[in-house]
Amino acid sequence: MEAVMSLLVGCFFAAGVYLMLSKAIIRILIGIVLFGNAVNLLIFTAGRITREAPPVIAPDMDRLTGIAANPLPQALILTAIVISFSFFAFLLVLALRTYQELGSDNTVQMRVAEPEGDTLPPLGY
Amino acid sequence: MQSGSETALLIGLALPFAGAAVAPWLMRRMGDRGAWLLALIPLFAFTVFVSLVSTVASGTSVRGEVSWIPSLGVTLAWYLDGLSTAFALLISGIGTLIVLYSGGYLHGHPQHGRFMSYLLLFMGAMQGLVVADNFMMLFVFWELTSIASFLLIGFDHEREASRRAALQALVVTGLGGLALLAGLVVIGMATTTDTLSGLLAQPEGLRGSELYLPALLLILLAAFTKSAQLPFHFWLPNAMQAPTPVSAYLHSATMVKAGVYLLMRLNPAMGETAIWETVLPLFGGATLLVGSVLALRQTDLKLMLAYTTVGSLGLLVMLTGFGSDLAVSAAVLYLIAHALFKGALFMVVGILDHETGSRDTRDLGGLRKAMPITFAAAIGAALSMAGIPLFTGFLAKEAIYEALTHDSGGWPLLILLVAILGNATMVAIGFAVGLRPFIGRQRETPKHPHEGPALLWLGPVVLAITGLLAALLYGLFYRTIADPMTTAVAGSAFANAISPLPHVSLAFGLSLVTLAVGLVLYAAQARLRGGLASVFGAGNWGPDRGFDHVVAGLVRLSAAVLRIVQNGRLDVYITIAFITTAVVLLVPMVIYSELPSMPPFPALQLHEWTLVVVALVGLYSVVRTRNRLTAIVSLGIQGFAVAVLFVLMGAPDLSFTQFMVETLSVIVLALTMTRLHLSPTDHRPWNERLFDGSIAIACGVAFTLLLLRVTQNPFDASLSEFFNANARIIAHGRNVVNVIIVDFRALDTLGEIAVVAVTGLVILALLRIATPGRIRGRS
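Please read these numbers as outputs of a predicted model, since none were measured by experiment. (Residues numbered from 1 in each chain as written. Chains lettered and ligands numbered in written order. Predicted model: local features only at pLDDT ≥ 70, side-chain atom pairs only at ≥ 80, totals over all residues.)

Colleague: What is the right way to look at helix α14 (residues 301-320) of chain B in this model?
Modeller: An α-helix turns once per 3.6 residues; consequently, residues spaced three or four apart project the same way. For α14(B), built from 20 residues, the straight-helix expectation of 28 Å at 1.5 Å per residue is met to within 8% by its first-to-last C-alpha distance of 28 Å. Where burial is concerned, most of α14(B) is hidden: 19 out of the 20 residues are buried. (Helix = DSSP H or I, 4+ residues; strand = E, 2+ residues; numbered from the N terminus. Expected span 1.5 Å × (residues − 1). Buried ≥ 20, exposed ≤ 12 C-beta atoms within 10 Å, placed from the backbone.)

In structure tokens form, the structure reads like this:
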């Protein structure tokens, strides 16, 4: 199972990276979503995979016994999913506003803060 | 040493730093009178050093230490022999007068307190430098004097010339500081000692070492930059941008002599070699010649003094490296005489500037009636500088000529000629500063001239009188100061014998020749200036201009580097980041043979295979899509596939969250995309696709291999077991994941909620602050 998941994680990373290397903002954003999923699956798989047994303590027990999934990566990923969603929503709105202001979705043309052909910094003392 | 005097010495060394801390407050509260109070600090140090003179003169060095950084073996260790004590007396004694003088000179200046603070900081650093025994302490105080000098030169920071001069001095002396550090490390490696006293105890250890040459070169670089030797002389005249008290104190009497101090200090351990006795006289002599010629060119009295200071430092280096005890004694006498007369003359120029509004030799004349006390001090100092009998300058000059005529040969003769020429310039400049402004016809000056307040003339008067008394009481002076200092520098006992009265000898004959040549130069200075000006042109060349070019070149270079590494292109940054990621993951795995072993064919059930395939199809269509609706839908497909995978692998909580988030993402994306009117089609040409694709595949392979390797290692489940065991007992919850989120890591969750809330606010703000009227739709 871990081997297949490792391959799948690699595919997620490759797809995410490929999209993030684009110059179109929207593709970069989609790439970020894939990248986030890739990282989540990476953490999940690194915590080892146990099938179909959620880490829930039986009503008559004091502690979790028997075979169950590792709860720690799940807790971490739960936080990560929510954070990456808010990150994605923020970037998306930022991209929208940038497009409205600059009229471009190409990162190469977004040079308001760092205009091309900068003059030298002052040479005095 | 008794603990009482040890404590007094420590207080004397530490007080200037304490004074620097309170000076701004004190000067604001007390005005000029604060200077009298602050002058007690150097005065106290002076008395402490005076009390040590008899011990040191008897041939015993004073040593002691306080632990500083014990873990590194660095101690605050001091070592006072004749050399250190003479320097310490000059620093604290002249320091007392300078503090008083500054009280009058910067009268009413809004930053008077700050100035005093910097001055005391320098004083503390300089005292520390000359009494330091430990290498690390020597280096730290050496750098501290450079920093204090930077602050003082740039004191008038609203003028660009000041800022430039301050930076230049810092760069040049800072370069030397680094060389000093390296040099001391090399010396430490060669002799396995980290103290000066330890080094002086085994003088042959360093000379015999194969590390002698690198150590020497580094030490020379340090000394030559600090003491403004050719070709690093240019920073010193520029440092005259500082207020005159600074020029008198740092840039003539004390700091610039730190380089000479270093050479004198190391003379017993590094001297008496062929290279030492060639390089020092060569550079020193060249500096003396250049300084002298450039001094004659000036019309600004302060610059005349500055260039003769450069020349004098050259003379000191030349004598230190000449290689005889007589020359060393001449260097010692000249060093003390120079500190006294040059400090006094600088202060005189400051008074002239302050009370007449000009320090140009062409503007000043006939001030003897208006400023009689200043005139008396000036002529006293000028006579010493000219080497007239009865003054310390005469002792120094006699000693120089006696030392240089002692050996015969071409090399000493050449050095003798250079020394005569340099000394003749000293005569001319001494009188040009100390005599010419006061005699002749009185001229119109920007301010009506009158005598300055006592705070101003006290310093030069005391220094001029000291210069006379030291020569008149020459027996005492030799016994207590000059002989112990010469002994320390030469490394063997030495006794001076020159009397301040004229006597028939070859040296006195040369003195007369020097005086005659000097008077001719004095009389002809105006004409010489014209001649030199035509020779040197506009002076638009040389190391001073070179400094500007270097600085401008640095700015251009860094701008060029910045354009490459910080070019403002997101795609370049991302490309670099992911290439780095792939390399960092793959290279160590390959180099250290940590690649995972081939896993067995996985035994997955059909529905699991199906989900994996669904996720892959989703990914593929996201990457390949030419249509934005397909992009959104396929993004959803891979997301939901991940959510179902979570369910199958015992993570229902993750699955629910993922479902919700994916749904929301798709909705938000769909809403935004329709507004954006963007095409998600990939416009990359095939070569870019190939390049980006290779990076992406490399990253994917790297992460796959990493994860395979990780999962093939044994698993440490102790943390998870803790949660499993305690979720119910401690936190009273059965769903372990939920318990971790809301209980064990509740603070993290709070942070997460805060992030979501802030993001929501930011999104709202972004959407609200629409700025109509801005350029829209610009391509």
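Still to come is the rest of the account.
Colleague: What exactly am I supposed to notice about the environment of B:His338 here?
Modeller: Residue and element names in this part refer to chain B. Among the structural elements, His338 can be located in helix α15 (residues 325-356). The class of His338 is buried, set by 26 C-beta atoms lying within 10 Å. On a C-alpha basis, the gap between His338 and Thr75 in space is 33 Å, while along the polypeptide they are 263 residues apart.

Colleague: Looking at this structure, how should I read the nonpolar core?
Modeller: As a rule of thumb, soluble globular proteins bury nonpolar side chains together. Counting residues in hydrophobic clusters, the biggest one holds 211 residues, and the most contacted among them are B:Leu152, B:Ala330, B:Leu345, B:Val348 and B:Ala381. Top contributing element to this core by residue count: α15(B), with 22 residues. Those residues in contact with B:Leu152 that sit more than four places away from it in its chain are B:Tyr118, B:Leu119, B:Phe122, B:Ala242, B:Val246 and B:Leu250. Judged by nonpolar contacts, the second largest core, of 82 residues, contains A:Leu29, A:Leu42, B:Ile695 and B:Leu708. (Core = buried A, V, L, I, M, F, W, Y, C linked by C-beta atoms within 7 Å. Contact = placed C-beta atoms within 7 Å.)

Colleague: Even after reading the chapter, I still don't get the environment of B:Ala39, so can you show me in this structure?
Modeller: Residue and element names in this part refer to chain B. Among the secondary structure elements, Ala39 is positioned in helix α2 (residues 33-57). For the pair Ala39 and Ser92, spaced 53 residues apart in the sequence, the C-alpha separation amounts to 9.7 Å. Not counting chain neighbours up to four residues away, the residues in contact with Ala39 comprise Thr96, Val99 and Leu100.

Colleague: In this structure, what is going on with the packing of helix α24 (residues 570-591) of chain B against helix α28 (residues 686-712) of chain B? I would like to understand it.
Modeller: Axes are the key here: two packed helices are described by the angle between their axes and the distance separating the axes. Residue and element names in this part refer to chain B. Interhelical geometry of α24 versus α28 gives an angle of 40 degrees and a closest axis separation of 9 Å. What the angle tells us is that α24 and α28 run oblique. Where α24 crosses over α28, the two elements pack in a sense that is left-handed. Residues Thr575, Phe578, Ile579, Thr581, Ala582, Leu585, Leu586 and Met589 of α24 touch α28, and the partners they reach there are Ile695, Ala698, Cys699, Ala702, Leu705, Leu706 and Arg709. A breakdown of the residues in the contact of α24 with α28 according to their chemical character gives twelve nonpolar, two polar and one charged. (Axes fitted to C-alpha atoms, helices over the stretch in contact; angles between N-to-C directions. Parallel < 35°, antiparallel > 145°, perpendicular 65-115°, else oblique. Left-handed = near helix turned anticlockwise from the far one by under 90°. Nonpolar A, V, L, I, M, F, W, Y, C, P; charged D, E, K, R; others polar.)

Colleague: Explain the pairing of strand β2 (residues 74-80) of chain B to me, please; I cannot follow it from the model alone.
Modeller: Every regular strand shows the same layout, with side chains that alternate between the two sheet faces. Residues and elements named next belong to chain B. Taking burial as the measure, the seven residues of β2 include five buried ones, the bulk of the element. One ladder, built from seven bridges, connects strand β1 (residues 62-69) with β2; its direction is antiparallel. What sits directly across from Ser67, in β2, is Thr75. Following β1, the chain reverses through four residues before pairing antiparallel with β2; Gly73 in that reversal takes a positive phi of roughly 70 degrees. (Pairing = 2+ DSSP bridges.)

Colleague: Is there a simple way to explain the packing of helix α9 (residues 212-226) of chain B against helix α12 (residues 258-270) of chain B in this structure?
Modeller: Residue and element names in this part refer to chain B. Running from amino to carboxyl end, α9 crosses α12 at an angle of 155 degrees, the nearest separation of the two axes being 7 Å. Looking at the two axes, α9 sits roughly antiparallel to α12. α9 and α12 meet at a crossing whose hand is left-handed. When α9 is examined against α12, the residues Leu216, Ile219, Ala222, Ala223, Phe224 and Lys226 are found in contact with a partner set consisting of Ala258, Gly259, Leu262, Leu263, Leu266 and Met270. Residues belonging to the contact of α9 with α12 are distributed by class as follows: ten nonpolar, one polar and one charged.

Colleague: Sorry if this is basic, but what is going on with the domain arrangement of chain B here?
Modeller: Buried accessible area, meaning the area lost when the parts come together, often serves as the stated size of an interface. Taken as a whole, chain B is organised into domain 1 (271-533) and domain 2 (718-771). The C-alpha centroid of domain 2 of chain B is placed 79 Å from the C-alpha centroid of domain 1 of chain B. (Domains from an automatic or database assignment.)

Colleague: I tried to follow the interface of chain A and chain B on my own but got confused; where do I start?
Modeller: Each partner contributes to the interface: chain A provides 84 residues, whereas chain B provides 96 residues. With 24 residues, helix α3 (residues 71-102) of chain A is the largest single contributor of residues to the side of chain A that touches chain B. Classifying every residue of the side of chain A that touches chain B by side-chain character gives 56 nonpolar, 15 polar and 13 charged.

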